[in-house]
Amino acid sequence: MNAPILKENEYSVLSAEFNTGIVLTTNFQRYTGTGEVFHIFQSYDLAITFINTKLIENSNYEFSIYNNKGVYLSTKRMNE
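Source: prediction; values computed, not measured. (Residues numbered from 1 in each chain as written. Predicted model: local features only at pLDDT ≥ 70, side-chain atom pairs only at ≥ 80, totals over all residues. Heavy atoms only, no water.)

Draft legend 1. Representation of unusual backbone geometry within the structure. A positive phi angle is found at Asn9, which is not glycine, with a value near 70°. Notably, Phe28 is not glycine yet its phi reads approximately 60°, a positive angle.

Here's what the structure looks like:
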């Protein structure tokens, strides 16, 4: 699982199951070594909107946000 190379002002989001910490693919299946795991967004606001929508669908997700330099910014979960 390699971090994506992002353009200026892009953000990546990695999802996982909150209870287990298992990383999820972009299709929200458990990552088993194949498939894409990073969601890419053109702005921080788009990433947050996506995260909030997915947390409403399933409160057992958690999302880690990274900037275009690969720097970890934060983790979002339900009620945080």
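Text resumes after the structure shown.
Draft legend 2. Focus on the environment of Asn79. Counting through the fold element by element, Asn79 comes out in the segment after β5 (72–77). Owing to a relative accessible area of 77%, Asn79 belongs among the exposed residues under this scheme. Spatially, the C-alpha atom of Asn79 lies 9.3 Å from that of Leu55, the residues being 24 residues apart in sequence. (Helix = DSSP H or I, 4+ residues; strand = E, 2+ residues; numbered from the N terminus. Buried < 20%, exposed > 50% of the residue type's maximum accessible area, 1.4 Å probe, protein only.)

Draft legend 3. The arrangement of the side chain of His39 in detail. Counting through the fold element by element, His39 comes out in strand β3 (residues 38–41). Not counting residues within four places of it along the chain, the set of residues in contact with His39 comprises Tyr11, Ser12, Val13, Ser15, Thr25, Thr26, Phe28 and Phe50. (Contact = heavy atoms within 4.5 Å.)

Draft legend 4. Up close: the side chain of Thr25. Here Thr25 is to be found in the loop between β2 (23–24) and β3. By relative accessible area, Thr25 is classed as buried at 8%. Setting aside anything within four residues of it in sequence, one finds Thr25 in contact with Ser15, Arg30, Tyr31, Thr34, Glu36, Val37 and His39.

Draft legend 5. How the structure looks around the packing of aromatic side chains. The full count for this structure, using the stated rule, is nine aromatic pairs. With a centroid separation of 5.9 Å and 65° between ring planes, the pair formed by Tyr66 and Tyr72 is classed as edge-to-face. Residue Tyr72 is classed as partly exposed on the basis of its relative accessible area, which comes to 44%. Through pairs of rings, three or more aromatic residues link up here, namely Phe28, Phe41, Phe50, Tyr61 and Phe63. (Phe/Tyr/Trp six-rings, centres within 6.5 Å; stacked < 30°, edge-to-face > 60°.)

Draft legend 6. Geometry of the nonpolar core. Formed by 13 residues in total, the largest nonpolar core has its most connected members in Val13, Phe28, Phe50, Ile51, Tyr61, Phe63 and Ile65. Within the residue set of this core, elements represented by two or more residues are β1 (11–17), α1 (44–57) and β4 (61–66). Dropping the residues within four chain positions of it, Ile65 is found in contact with Tyr11, Ser12, Val13, Tyr44, Ile48, Ile51, Val71, Tyr72, Leu73, Ser74 and Lys76. Membership of the second largest hydrophobic core comes to five residues, among which are Val23, Val37, Phe38 and Tyr66. (Core = buried A, V, L, I, M, F, W, Y, C linked by side-chain atoms within 4.5 Å.)

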